[in-house]
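Close look at the chain arrangement
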Amino acid sequence: MRKTYFNWSSGKDSSLALYYMLQQSDVEITRLITTVNKDYERVSMHGLRETLLDQQAQSLGIPLEKIYLPATVSMEAYTQIFKHKVENLKEAGFTHCVFGDIFLEDLRKYREKQLSTLNIQALFPLWKKNTKELIKSFIDLGFKAITVCVNAKFLDASFCGRVIDHEFIDDLPLEVDPCGENGEFHTFVFDGPIFNNPIEFTIGDIIKRDYKPTTKKEDNCYKDEDEVSWDTSFWFCDLLPK
């Protein structure tokens, strides 16, 4: 058995990747790892409240560990924090980890490079799969998800706070990946075949936040220097635990 930890984002790609990995007889997933903004107590990038993340993990029945990051963190600090966490996981006997990435080559190379120094092997169960087929499978398997963050460069506020269903996919502009793999949208999964019970919540405010890009090239974690492109405006849907 390969002792494995799972990089859990709280969204659909993570959920589908975990679904596939739980069917592997030679893999033992005994830990979820999630980055949390310690200043706002929310999942990094997704903006999901930490309380709902905890309820997800409880429903999955897999222990959760959080990596707390400040609201503003340099790439150097980010790398050191993750290195320390992975060192601890290595000492605990973990030999493999799982990511829900689909086709971002630079991001995969970055992850594998960081892990190789500690001899941790990364697994990518969704890698290079057709994203339109993946999202259809996600829905047809009975997963339930809602968008909690959308990139304002690609989608307007009407796409934020919507349940992921076939109608949602049909409404996406042609330039938007069906799985949002280019960062077009992020989701919170609240039910599905890997959960013991659904996570209950109510929909709160939808707000737009603007961010200033870093001026330091070394803080751009995986893009080539000649591919700098900043997404600085996002719509967030605040979900409130019941």
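Above this text you will find the structure in question.
Rules behind the numbers
- Residues numbered from 1 in each chain as written.
- Predicted model: local features only at pLDDT ≥ 70, side-chain atom pairs only at ≥ 80, totals over all residues.
- Heavy atoms only, no water.
- Phe/Tyr/Trp six-rings, centres within 6.5 Å; stacked < 30°, edge-to-face > 60°.
- Helix = DSSP H or I, 4+ residues; strand = E, 2+ residues; numbered from the N terminus.
- Buried < 20%, exposed > 50% of the residue type's maximum accessible area, 1.4 Å probe, protein only.
- Expected span 1.5 Å × (residues − 1).
- Arc of directions from axis to C-beta.
- Pairing = 2+ DSSP bridges.
- Axes fitted to C-alpha atoms, helices over the stretch in contact; angles between N-to-C directions.

Turning our attention to the packing of aromatic side chains. Counted by the stated rule, this structure contains 13 aromatic pairs. Look at Phe168 and Phe185: their rings are 5.4 Å apart centre to centre, the planes differ by 80°, and that puts the pair in the edge-to-face class. Residue Phe168 is found in helix α6 (residues 166-171), and its partner Phe185 is found in strand β8 (residues 185-191); the two are separated by 17 residues along the sequence. You'll find Phe168 and Phe185 in the same group, each marked buried. Ring centres of Phe234 and Phe236 lie 6.4 Å apart, and the angle between their planes is 45°; this geometry places the pair in the tilted category.

The subject of this paragraph is helix α4 (residues 105-116). Taking 1.5 Å as the rise per residue, α4 with 12 residues should run 16 Å; its terminal C-alpha atoms sit 16 Å apart, in good agreement. Those residues of α4 lying buried are Leu107, Tyr110, Arg111 and Leu115. Each buried residue of α4 lies within a common arc of 125° when the element is viewed along its axis, so the set occupies one face. Turned more than 90 degrees off the buried face of α4, the exposed positions are Lys109 and Lys113.

With that settled, the discussion passes to the sheet that holds strand β10 (residues 233-241). Strands pair in a sheet through their backbones, by hydrogen bonds, and they do so in one of two ways: parallel or antiparallel. Reading across the sheet, the 4 strands line up as β8-β7-β10-β9 and stay open at both edges, with antiparallel pairing between neighbours. Every interior strand has two partners, whereas the edge strands, β8 and β9 (201-210), have only one. The mean angle between the axes of side-by-side strands here comes to 25°, regardless of whether they run parallel or antiparallel. Of the strand pairs in this sheet, strand β7 (residues 144-151) and β8 are connected by 6 bridges, and their pairing is antiparallel. Among the inter-strand pairings, Ile146 is bridged to a residue of β8, identified as Phe188.

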